[in-house]
Amino acid sequence: MTDAEVFPAPVVLWSHPEDQRAGKPLLVLLHGYGANEQDLLSLADLLPGDFAVASLRAPIAMGPGFTWFPLTASIEYSLERVKKASAYVLEWIDTIRVGHPSVTLLGFSMGMAMATTLLRQRPTDFAAVVGLSGFVVDAADDPTFKDAELDGTVPMFWGRDQQDPVITQDKIEFTMGWVRRHVKLTKVLYTGMWHGINQQEIGHVGEFLTHEVLNK
C-alpha cells in the first residue's frame, strides 16, 4: 500500500472542461488549513487564461473543511504526516501531467508548505512555485527532501504581509533562509492583507506566471 492509498480518492475542481485542458500548462492550487477545493478556484479567473487550473482538496477532514496534515495549536506538525500528504498529491499529479507541457504549483498558507515540499521532493518536475502567506517546512536532514538539487533556477513567488498574525516568526525565518538558498525568488510584501490574498498580489502573481512560465 502506498501512502496515498490511506486517503480518499482525490477531489478536484477544474477551470476548463476536460476536452479543453490538453496541451495547456497545468496550474495546481493547494488551499490552506480548514478550507476546501473551492477556496482558491476563483483565482483562476484572475490569472492568465492560458493555464488549465486544477484545485485539489486536501485529504483530511478538519471541521467544515480539510487539511493536508494535522496541526497543533502552535502551528506545529509531524514531518511524516507532511510526507504522506505530499505522496498523495504527487501520485495524483503523475496521473494527469502527461497531457500538459508543464506543471506549476500555487499554495496558500499550509498550501505553500505543500507546494514547496513537492518541489523539494521532485526538484525537476515543476516549472515554478507560487507561495502566498505561507511557509516552508523544516525537514532537517530527511533524505526525501532533495534540497541539494535545487540550485536556484526554479522560479518562486513568495507574497506575504509582515503583519500576518497566523504564520509564526520562526517559520518565516526558516522560510527566508531556505528560499534564499534554493530558488530564483520573487518576494513581495503587502500591507493590510494580514493572512490573506489581495487584488494587488494576484496581479503580481499573474505577471510572474506570464514571465516565468508562459514566456519561457
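Details of the structure are given in the entry above.
Nothing here was measured: the structure is a model prediction, and the numbers come from that model. (Residues numbered from 1 in each chain as written. Predicted model: local features only at pLDDT ≥ 70, side-chain atom pairs only at ≥ 80, totals over all residues. Heavy atoms only, no water.)

Quick look at the overall build of the protein
Quick note on the threshold: Counting from the N terminus, the helices are DSSP H or I runs at least four residues long and the strands are E runs at least two residues long. For a compact globule the rule gives 2.2 Å times the number of residues to the power 0.38, and the radius of gyration it is set against comes from C-alpha atoms. Relative accessible area decides the class of each residue, using a 1.4 Å probe on protein chains only: under 20% of the type maximum gives buried, over 50% gives exposed, and in between gives partly exposed. In these tables, accessible area is a Shrake-Rupley quantity obtained with a 1.4 Å probe, and a residue counts as shielded only by the protein chains included in the view. When charges are counted, neither His nor the chain ends are considered; positive counts come from Lys and Arg and negative counts from Asp and Glu. Where a charge lies is defined by one atom per residue type: Lys uses NZ, Arg uses CZ, Asp uses CG and Glu uses CD.
Of the regular secondary structure elements, the protein holds four helices and nine strands. Taken from N to C terminus, the helices and strands of the protein fall in the order β-β-β-β-β-α-β-α-β-β-α-β-α. In summary, the protein has a C-alpha radius of gyration of 16 Å against a globular reference of 17 Å for 216 residues, a match within 12%. For the C-alpha atoms alone, the extent of the protein along its principal axes is close to 45 × 45 × 35 Å. Looking at the protein residue by residue over its 216 residues, the buried ones come to 54%. On the protein, roughly 9,500 Å² of surface is accessible, and the fraction owed to carbon and sulfur atoms is 51%. In the protein, 17 positive and 26 negative side-chain charges are present, and the distance between their average locations comes to 2 Å.

Notes on helix 2 (residues 110-121)
Think of an α-helix as 3.6 residues a turn; residues three or four steps apart then line up on the same face. The following threshold applies: The span expected for a helix works out to 1.5 Å for each residue beyond the first.
The terminal C-alpha atoms of helix 2 lie 17 Å apart, and with 12 residues this matches the ideal 16 Å at 1.5 Å per residue to within 8%. For helix 2, the set of buried residues is M110, G111, M112, A113, M114, A115, T116, T117, L118, L119, R120 and Q121.

Considering the nonpolar core
What counts, and what does not: Definition of nonpolar core: a set of buried residues of the types Ala, Val, Leu, Ile, Met, Phe, Trp, Tyr and Cys, connected through side-chain atoms within 4.5 Å. Contact criterion: two residues are considered in contact whenever any of their non-hydrogen atoms come within 4.5 Å of each other.
Within the largest apolar cluster, 47 residues are counted, with the highest numbers of intra-cluster contacts made by L30, W68, V89 and L105. At the level of elements, strand 2 (26-30), strand 3 (52-56), helix 1 (79-96), strand 6 (103-108), helix 2, strand 8 (155-161) and helix 3 (169-182) are the ones that each hand at least two residues to this core. If you tally residues by element for this core, the top one is helix 1, at nine residues. With residues near it in sequence (within four places) discarded, W68 still touches L30, H31, L56, R57, A58, P59, I60, A85, V89, M110, G111 and M114.

Examining the side chain of S133
Keep this limit in mind: Here a polar contact is taken to be a pair of N or O atoms separated by no more than 3.5 Å, where protein atoms must pair a possible hydrogen donor with a possible acceptor and residues adjacent in sequence count only if both atoms sit in side chains.
Counting through the fold element by element, S133 comes out in the loop between strand 7 (128-132) and strand 8. Polar contacts involving the side chain of S133 include one to the main-chain carbonyl oxygen of G196, which spans 3.1 Å. Beyond its immediate sequence surroundings of up to four residues, S133 is in contact with F108, S109, G159, R160, D164, I167, M193, W194, H195 and G196.

So, the environment of F157
When you line up the elements, F157 lands in strand 8. Take F157: its relative accessible area is 1%, and that puts it in the buried class. Considered as a pair, F157 and G111 are 46 residues apart in the sequence and their alpha carbons are 14 Å apart. Those residues within four positions of F157 in sequence are excluded, and the remaining contacts are V129, V130, G131, L132, T186, V188, Y190, E201, H204, V205 and F208.

A short note on the packing of aromatic side chains
The test is simple: Planes of paired rings set the category: under 30 degrees apart is stacked, over 60 is edge-to-face and the rest tilted, where pairs are Phe, Tyr or Trp rings (Trp by its six-membered ring) whose centres lie within 6.5 Å. Two thresholds decide whether a charge sits over a ring: the Lys NZ or Arg CZ must be within 6 Å of the ring centre and within 35 degrees of the ring normal.
Inspection of every chain in the model, using the stated rule, returns three aromatic pairs. Ring geometry for F7 versus Y88: centroids 5.2 Å apart, planes at 85°, classification edge-to-face. Residue F7 is located in the segment before strand 1 (12-14), and its partner Y88 is located in helix 1; the two are separated by 81 residues in the primary sequence. A residue is classified by how much of its surface remains accessible, and F7, at 16% relative accessible area, is buried. Relative accessible area serves as the criterion here: at 3%, Y88 is assigned to the buried category. Ring centres of W14 and W92 lie 6.4 Å apart, and the angle between their planes is 50°; on these two criteria the pair is classed as tilted. Taken as a pair, W14 in strand 1 and W92 in helix 1 lie far apart in primary sequence, 78 residues in all. On the basis of relative accessibility, which here comes to 21%, the residue W14 falls in the partly exposed class. The lysine or arginine in question, K187, covers the ring of W158, its NZ or CZ lying 5.8 Å from the ring centre.

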